[in-house]
Amino acid sequence: MNETMVCAVGNVATQPVYRELAAGPSARFRLAVTARYWDREKSTWTDGHTNFFTVWANRQLATNAAASLSVGDPVIVQGRLKVRTDVREGQSWTSADIDAVAIGHDLARGTSAFRRANPKSETETTSSPAQSEPAWETPVADSAGAELQQRPEPAAVT
């Protein structure tokens, strides 16, 4: 329950790699997140340090990410941060991975056309009957039981 959830805004740095595993589909790609700051001396925005994360997606998210993402796409990734340290050939390596819960294009930097992953077939949408608007006001019978009339509900003023 005490997981570190992060939201990273950056660019897709590598083409997503998609795999069909026994546990279900899996995809991974590298995300480049570059800090930007205002340089007062130059009066311009300047790029700072770039952090790279390996983003892991599973199940339907993996399938959709592999079909939707390309190198250079601006994205927003939300997920669990996993920092790992490893010793390879006598050197210590640290990697930061994000186990993605949600991935989407950053609409502040461009447009995107959304398509549902499993669109309903034409027969499913036309065969279901149209439902009418529900009656939100409930009619109340008068004390004599004659004709039904509507009584407005009191509104709370805050």
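As a starting point, this report considers the structure included with it.

## Thoughts on the overall build of the chain
Across its full length, the chain carries 2 helices and 8 strands. Listing the helices and strands of the chain from first to last along the sequence gives β-β-β-β-α-β-β-α-β-β. Buried positions account for 20% of the 158 residues belonging to the chain. Looking at the chain alone, contacts between residues at least 24 apart form 55% of all its contacts between residues at least 6 apart. Looking at the chain as shown, the accessible area adds up to about 12700 Å², and 51% of this sits on carbon and sulfur atoms.

## Details of the nonpolar core
Of all hydrophobic cores here, the largest spans 14 residues; its most connected members are Phe29, Leu31, Val55 and Val77. Sequence-distant contacts of phenylalanine 29, defined by excluding residues within four places in its chain, comprise Val12, Thr14, Pro16, Phe53, Thr54, Val55, Leu69, Val77 and Ile103.

## Focus: unusual backbone geometry
Non-glycine residue arginine 59 carries a positive phi angle of around 55°. Notably, glutamate 89 is not glycine yet its phi reads approximately 50°, a positive angle. By the secondary structure assignment, glutamate 89 is in the loop between strand S5 (74-88) and strand S6 (91-105). Looking at glutamate 89, the relative accessible area reads 85%, which means it is exposed.

## Here we look at the pattern of salt bridges
Enumeration over the complete set of coordinates arrives at 6 salt bridges. Here glutamate 3 makes a salt bridge to arginine 80, at a shortest N to O gap of 3.9 Å. One end of the pair, glutamate 3, is in the segment before strand S1 (5-12); the other, arginine 80, is in strand S5, and 77 residues separate them in sequence. Overall, the relative accessible area of 47% leaves glutamate 3 in the partly exposed class.

## As for the packing of aromatic side chains
The final tally for this structure, using the stated rule, is 1 aromatic pair. Taken together, a centroid distance of 5.6 Å and an interplanar angle of 75° make the contact between tryptophan 38 and tryptophan 45 edge-to-face. The residue whose ring lies beneath arginine 88 is tryptophan 93, and the NZ or CZ to ring-centre distance is 5.3 Å.

## Examining the side chain of serine 26
Here serine 26 lies in strand S3 (residues 24-39). Classification of serine 26 by relative accessible area gives buried; the value is 9%. Not counting residues up to four positions away in its chain, the partners in contact with serine 26 are Val17, Tyr18, Arg19, Leu21, Trp56, Ala57, Asn58 and Ala62.

Conventions adopted
- Residues numbered from 1 in each chain as written.
- Predicted model: local features only at pLDDT ≥ 70, side-chain atom pairs only at ≥ 80, totals over all residues.
- Heavy atoms only, no water.
- Helix = DSSP H or I, 4+ residues; strand = E, 2+ residues; numbered from the N terminus.
- Buried < 20%, exposed > 50% of the residue type's maximum accessible area, 1.4 Å probe, protein only.
- Contact = heavy atoms within 4.5 Å.
- Areas by Shrake-Rupley, 256 points an atom, 1.4 Å probe, with all protein chains shown as cover.
- Core = buried A, V, L, I, M, F, W, Y, C linked by side-chain atoms within 4.5 Å.
- Salt bridge = Lys/Arg side-chain N within 4 Å of Asp/Glu carboxyl O.
- Phe/Tyr/Trp six-rings, centres within 6.5 Å; stacked < 30°, edge-to-face > 60°.
- Lys NZ or Arg CZ within 6 Å of the ring centre and 35° of its normal.

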